[in-house]
Amino acid sequence: MKVRASVFASFILIFEGIGIALFLRGFFPVPLKSSFSSKNKLSDLPAEPLTGSSPNSSRLPQPLFKRVVIMLVDALREDFVFGANGRMYMPYTRHQVERGSSHSFVAKARPPTVTMPRIKALTTGSIPGFIDVVMNLNSPALLEDNLVWQAKTAGKRMIFYGDDTWVRLFPKHFMEYDGTTSFFVSDYTEVDNNVTRHLDSTLKRDDWDILILHYLGLDHIGHISGPHSSLIQPKLLEMDDILKKIHSALISKEAEGSLPYLLVLCGDHGMSETGSHGGSSEPEVNTPLVLISPAFKRKGGMEKPAVVEQVDLTPTLALGLGLPISQNSVGRLIPGVLEETSLRDQLRFLHLNGHQLSCLLKDSMPDYEKEAGFEQFRVAEKAHGSWMKLFLEGNTSEVLNNMGKKVLKQYLEALAAMSSALSKQLGKYDMYSMIAGMLLLVLLLAMPEALSGAAAVDLPVLPALLSLPFYLLCLLLASVHVLVCTSTESSCYFCSLSWGLVFAAVAFSSAMFCILVSMATRRLPLGPKIHGKRETRTGSSGWSLSELDVLLLAGTVGQTLSLAASSFVEEEHQIWYFLLNTLCLAVFQDVCRKYFREQSGSGDEEEPILPSKDCHPPAHPKAEICSEKWLALATPPFTLVCCRLLRSLNQTGVQWAHLPDVGHWLNSSEHRTVLSLLAAFCLVLIYLLVQRRCSWVSKVALALGLLGVYSYRAAVGNVLFPWQHSGRTTSKGTVEARFVYVFILGILFTGTKDLLRSQIITADAKLKSRGLWEIYSGLVLLVSLLFRAHNLPVLCCCLLVQTLMAQFIWKKLHYDAAQTTIMHYWFGQAFFYFQGNSNNIATVDISVGFVGLESYVEAPAIFLTALSTYAGPLLWACHLVCFLSSQRDRSPVALGHGCYCLALLRSVPAAAYIVLVTALRYHLFIWSVFSPKLLYESMHLLLTAGVCLFFNTMEQSHSSSKS
């Protein structure tokens with residue numbers, strides 16, 4: 001059965017997408033939720049334990065607080081309050097912590113440390129999944145049981161000012177609100193002034209019970225300039241003054257005989273050493289929690305803050321306001337809040353919390369009775385009933401008091417055990433879908449047929465369907481499905497489908513696997529040699545690998561195997577740095593062998609070196625050949641030097657990310673002149689490297705665009721013009737950035753026009769090569785705008801290495817498309833880490849998503865952030881396309897083979913991450929490391945395969961039109 005190659009390749013891509021979607025569906029955890037669809041109500045609360053025949057009443061203790069003010073400062077790290085600089089940053093808050101009526105804690109936030117999941121954790125008491133990072137961009141209404149809904153149902157009057165994520169999560173819950181966008185990180189002044197301007201009038205009023213304030217300025221400063229910026233202290237002093245104003249107003253409004261107020265200062269997450277967040281490092285997960293109320297004892301001095309979970313605030317606030325605890329809360333009551341209440345009320349509060357956790361434990365664990373915390377709670381509840389019986393009988397002896405303290409301790413131990421058990425159940429994984437999606441990656445083995453250059457692909461459908469392995473495989477898969485769906489304790493997606501649909505999918509999968517095996521066995525004996533370009537390798541038949549081939553294959557496979565250890569994932573950049581250095585040494589050996597050992601026997605049969613100078617005569621002057629030889633010899637050592645310098649520019653990974661680097665030194669205010677000179681030099685060198693193959697229109701646009709890049713960096717205060725003073729007031733640089741965008745669009749338009757003309761109107765290979773290069777030039781200009789000033793040397797070295805390797809290594813040494821592709825892949829991975837990136841989502845710089853924007857616009861912000869983050873691999877992939885397309889002396893399908901090789905390389909680490917995440921799914925750290933990497937590998941795989949299909953189709957149509 002013959003099928004067109006493009007149709008077959010499209011078919012493979014579609015099923016690759018389905019496989020990735022299936023895996024992601026099973027990979028992202030289903031949040032831990034109660035099986036009851038309704039929400040907790042006061043009428044559903046359990047009765048107070050009492051030993052005896054007559055049931056006790058469901059009496060609730062009196063609420064602890066009348067008014068609650070929650071001041072949430074985004075990205076507030078615990079060391080900003082409790083650290084050595086706490087007295088300087090927030091003096092009034094620190095005084096309340098040391099001498100006031102307060103309780104202080106270090107509240108640990110669970111990854112992902114992103115705003116929307118943290119708000120959900122604070123209000124529901126549950127632990128959100130990593131999928132909430134994606135939902136953070138467009139937060140839907142929160143439907144599950146939460147503290148805000150409970151307060152509204154109980155008639156509490158709530159006011160909110162700040163991050164509009166709250167307004168989207170809780171629509172129609174606040175009687176008054178004013179939301180501000182949280183994504184426009186360039187603004188750190190107005191975003192807080194819009195909150196503070198309401199305070200004076202609101203604090204004078206008596207028509208509210210709960211006031212929530214969410215300040216964003218500190219988080220925005222962190223994204224822009226990091227936690228050690230000169231802007232941090234003024235912002236923290238501003239927050240401290242606001243806390244003082246709120247506290248003074250609450251004290252003045254306190255009436256004698258009424259319930260006390262509660263002022264809560266907290267952060268949703270911390271801030272990494274680079275100013276970002278999202279991961280699981282200590283600065284990101286440790287946040288301060290300060291509770292200020294006249295109901296607490298006055299402190300006598302600074303005490304080391306106790307450590308609690310951030311979700312513990314949810315049941316504490318709920319019971320303090322006389323509300324039911326949210327059904328899905330895994331938090332436990334903070335005992336210090338109850339210190340001034342009676343022993344009976346303390347036991348009752350802990351009993352209510354324990355009852356809620358035990359109910360959630362029953363819903364989430366089939367063998368809940370085996371949990372130690374559940375058994376401890378039952379024992380404590382019985383002891384509580386005995387204590388209540390003696391208490392109601394009027395017993396006032398010391399024995400009763402000691403017994404009550406013992407019950408209190410039992411409750412606290414039970415709550416800690418149940419909360420810990422529930423927290424470990426981060427979600428239920430659909431392992432069936434994950435494995436099924438992973439198996440679909442096998443279809444990638446059919447891509448060589450689709451990219452082989454043939455117009456049609458011969459599929460052995462009938463022999464495969466009539467073979468014995470087909471029926472055995474169908475029987476095996478059907479048996480596995482029946483076994484999984486009849487014995488599993490958790491629901492699987494495939495088990496919910498009809499049996500007919502499942503068995504049809506089983507038959508189809510078995511047939512595809514048999515067809516692929518038949519194609520592979522048919523092709524293997526007659527398969528072409530990997531390397532047919534060198535005389536030393538064309539003399540023998542079959543497979544022949546050079547030393548460089550062994551290095552490339554062993555390095556790629558070895559890097560994939562290294563992902564079996566989490567430490568190698570944390571420090572993956574070290575592996576790529578090592579592989580890149582080894583590659584440079586291997587290339588240097590090839591260069592030396594060519595020019596010294598083989599020179600006497602090879603003669604002077606050399607092709608032109610420069611891909612852009614194809615019209616030159618084949619014979620070069622001897623002096624020129626000599627200079628080219630020494631340039632080729634100098635290229636690998638020069639590349640090694642560049643890589644070593646770039647390693648010192650940005651510290652990345654986990655273990656050494658906190659150490660100072662050249663980037664921090666350049667960004668300091670006293671070295672701004674050095675940074676300005678370096679940025680100017682890099683922009684000039686970028687122009688010289690990129691303009692050589694552009695049209696004169698694109699050259700002018702590129703020069704003006706790079707000038708606009710420097711003007712933008714000067715406007716935002718990163719660099720200086722010679723006539724500019726360092727104390728000049730900075731701006732957002734919106735006009736300058738938009739000026740650059742105009743030239744970027746112009747260059748991309750010119751390149752696209754030339755590319756389309758070469759494919760549709762004229763079959764001009766030179767015009768096609770120029771069009772591709774101009775598109776690449778527009779991309780370089782965009783990346784130079786998005787990169788921070790200290791990262792411009794990364795882009796500069798990237799272009800310089802590409803130029804030298806293309807002119808003196810890949811073309812001169814006759815490396816084939818597969819070798820060139822793997823080298824581009826290695827360089828792209830290394831430059832991803834040279835930028836300062838890591839496998840932790842906290843290293844994503846979201847501030848670049850707002851370059852040239854005056855307000856938050858979702859689509860361009862996501863596009864710019866993703867482009868800046870993956871600029872290294874993207875630039876090397878685009879250069880690969882430009883380089884292979886310029887090699888007109890090669891076969892017309894060289895580009896297709898190169899793209900296939902790159903797609904195969906992308907699939908190897910993606911499959912490895914799938915296996916490793918499946919094996920290590922219970923580790924909390926995996927969420928902050930593997931998830932963004934997995935998404936990146938999966939999406940990059942589909943994108944690469946799609947580009948390969950597009951260019952291969954163009955090559956085939958071009959070849960058919962010429963014939």
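Being a predicted model, the structure only gives us computed values, none of them experimental.

Another aspect to go through is empty space enclosed by the protein. Applying the stated criterion across every chain yields a total of 14 cavities of 30 Å³ or more. Considered as a void within the structure, the largest cavity measures approximately 160 Å³ in volume. Lining the largest cavity are 16 residues, with Ile70, Leu147, Trp166, Ile212 and Leu317 sitting closest to its centre. Every element with two or more residues in the lining of the largest cavity is listed here: β2 (67-73), α5 (115-124), α7 (147-153), β6 (210-215) and α14 (313-320). A class-by-class count of the residues in the lining of the largest cavity yields 15 nonpolar, 1 polar and no charged.

With that settled, consider the environment of Tyr741. Inspection of the secondary structure puts Tyr741 in helix α32 (residues 734-761). Spatially, the C-alpha atoms of Tyr741 and Gly708 are 9.3 Å apart, while their sequence positions differ by 33 residues. When near neighbours in sequence (up to four residues on either side) are disregarded, Tyr741 contacts Leu782, Leu785, Leu786, Val851, Gly852 and Leu864.

With a phi angle near 65°, Ala75 is a residue other than glycine that sits in the positive phi range. Taking relative accessible area as the criterion, Ala75 reaches 1% and is therefore assigned buried. Backbone geometry places Lys172, a non-glycine residue, at a positive phi of 65°. Note on placement: Lys172 falls in the loop between α8 (165-169) and β5 (176-180). Classification of Lys172 by relative accessible area gives exposed; the value is 78%.

Axis separation between helix α24 (residues 547-561) and helix α35 (residues 817-834) bottoms out at 11 Å; the angle between their running directions is 45°. Classified by the angle their axes make, α24 and α35 are oblique. Crossing angle aside, the handedness with which α24 passes α35 is left-handed. Facing α24, whose interface residues are Leu548, Asp549, Leu551, Leu552, Gly555 and Thr556, α35 presents Gln819, Ile822, Met823 and Trp826. In terms of residue class, the contact of α24 with α35 is built from 6 nonpolar, 3 polar and 1 charged.

It is the contact of helix α31 (residues 696-715) with helix α33 (residues 765-786), at a shortest axis distance of 9 Å, that shows an interaxial angle of 10°. The angle between α31 and α33 places the two elements in the roughly parallel class. Along the contact surface, α31 presents Ser698, Leu702, Gly705, Leu706, Val709, Tyr712 and Arg713, while α33 presents Glu774, Ser777, Leu781, Ser784, Leu785 and Leu786. For the contact of α31 with α33, the residue count by class is 7 nonpolar, 4 polar and 2 charged.

It is worth spelling out the sheet that holds strand β9 (residues 306-309) at this point. In space, the 8 strands of this open sheet follow the order β5-β4-β6-β2-β7-β8-β3-β9, with mixed pairing throughout. At either end of the open sheet lies a strand with only one pairing partner, and these are β5 and β9. Ignoring which end each strand starts from, the neighbouring axes of this sheet average 15° apart. The strands touched by helix α12 (residues 232-253) within the sheet are β2, β6, β7 (261-266) and β8 (286-292), with β7 carrying the most contacts at an inclination of about 170°. Sitting on the sheet, α14 is in contact with β2, β7, β8 and β9, with an inclination near 165° to β7.

Next up on the list: the environment of Gly270. Note on placement: Gly270 falls in the loop between β7 and α13 (282-285). In sequence terms Gly270 and Asp79 are 191 residues apart; their C-alpha atoms lie 9.6 Å from each other. Those residues in contact with Gly270 that sit more than four places away from it in its chain are Ala75, Leu76, Arg77, His277, Pro283, Glu284, Asn286 and Thr287.

This next bit is on the nonpolar core. Core analysis: the biggest nonpolar cluster contains 96 residues, and Leu583, Ile686, Tyr741, Leu781, Trp810, Trp826 and Phe834 have the highest contact counts within it. The dominant element in this core, judged by the number of residues it contributes, is helix α34 (residues 792-810), at 15 residues. If we ignore the near neighbours within four places in the chain, the residues touching Trp826 are Leu551, Leu552, Gly555, Thr556, Trp576, Leu579, Leu580 and Leu583. Leu64, Leu289, Val311 and Leu338 belong to the second-largest nonpolar core, a separate cluster that totals 71 residues.

What follows is about a nonpolar patch on the surface. On the surface, a nonpolar cluster with roughly 610 Å² of combined accessible area is contributed by Trp696, Val697, Val700, Leu704, Leu707 and Phe739. Per element, the largest residue contribution to the nonpolar patch is 5 residues, and it comes from α31. As for its position among the elements, Phe739 is in helix α32.

With that settled, consider the pattern of salt bridges. Under the defined criterion, the tally for this structure stands at 22 salt bridges. Between Glu176 and Arg205 there is a salt bridge; the shortest N-O distance is 3.0 Å. Note that Glu176 is positioned in strand β5 and Arg205 in the loop between α10 (199-204) and β6, a separation of 29 residues in sequence. Assessed through its relative accessible area of 26%, Glu176 is described here as partly exposed. A salt bridge links Asp178 to Arg197, with the nearest nitrogen and oxygen atoms 2.8 Å apart. Here the residue Asp178 occupies a position in strand β5, and Arg197 occupies one in the loop between α9 (190-196) and α10, the gap between them amounting to 19 residues. Assessed through its relative accessible area of 52%, Arg197 is described here as exposed.

Here α34 is 19 residues long and its end C-alpha atoms lie 25 Å apart, about the 27 Å a rise of 1.5 Å per residue gives. Within α34, 19 of the 19 residues are buried, which leaves it mostly tucked inside the rest of the structure.

What follows concerns the packing of aromatic side chains. According to the stated counting rule, one finds 21 aromatic pairs in the structure shown. Consider the rings of Phe832 and Tyr833, whose centres lie 5.0 Å apart with planes at 85°: the pair is edge-to-face. One aromatic cluster in this structure is built from Tyr577, Phe827, Phe831, Phe834 and Trp876. The ring of Trp208 has Arg67 lying over it, and the distance from NZ or CZ to the ring centre is 3.9 Å. A cation over a ring is seen here: Arg693 above Trp773, with NZ or CZ 4.7 Å from the ring centre.

Each value, and the rule that gives it
Residues numbered from 1 in each chain as written. Predicted model: local features only at pLDDT ≥ 70, side-chain atom pairs only at ≥ 80, totals over all residues. Heavy atoms only, no water. 1 Å grid on protein atoms, 1.4 Å probe; cavity = no way out; pocket = protein on both sides within 12 Å on 5 of 7 lines; lining within 4 Å. Points joined across faces, edges and corners; volume = space filled by probe spheres on them. Helix = DSSP H or I, 4+ residues; strand = E, 2+ residues; numbered from the N terminus. Nonpolar A, V, L, I, M, F, W, Y, C, P; charged D, E, K, R; others polar. Contact = heavy atoms within 4.5 Å. Buried < 20%, exposed > 50% of the residue type's maximum accessible area, 1.4 Å probe, protein only. Axes fitted to C-alpha atoms, helices over the stretch in contact; angles between N-to-C directions. Parallel < 35°, antiparallel > 145°, perpendicular 65-115°, else oblique. Left-handed = near helix turned anticlockwise from the far one by under 90°. Pairing = 2+ DSSP bridges. Core = buried A, V, L, I, M, F, W, Y, C linked by side-chain atoms within 4.5 Å. Patch = residues over 30% accessible without salt bridge, like charges linked within 9 Å, V, L, I, M, F, W, Y side chains within 5 Å. Areas by Shrake-Rupley, 256 points an atom, 1.4 Å probe, with all protein chains shown as cover. Salt bridge = Lys/Arg side-chain N within 4 Å of Asp/Glu carboxyl O. Expected span 1.5 Å × (residues − 1). Phe/Tyr/Trp six-rings, centres within 6.5 Å; stacked < 30°, edge-to-face > 60°. Lys NZ or Arg CZ within 6 Å of the ring centre and 35° of its normal.

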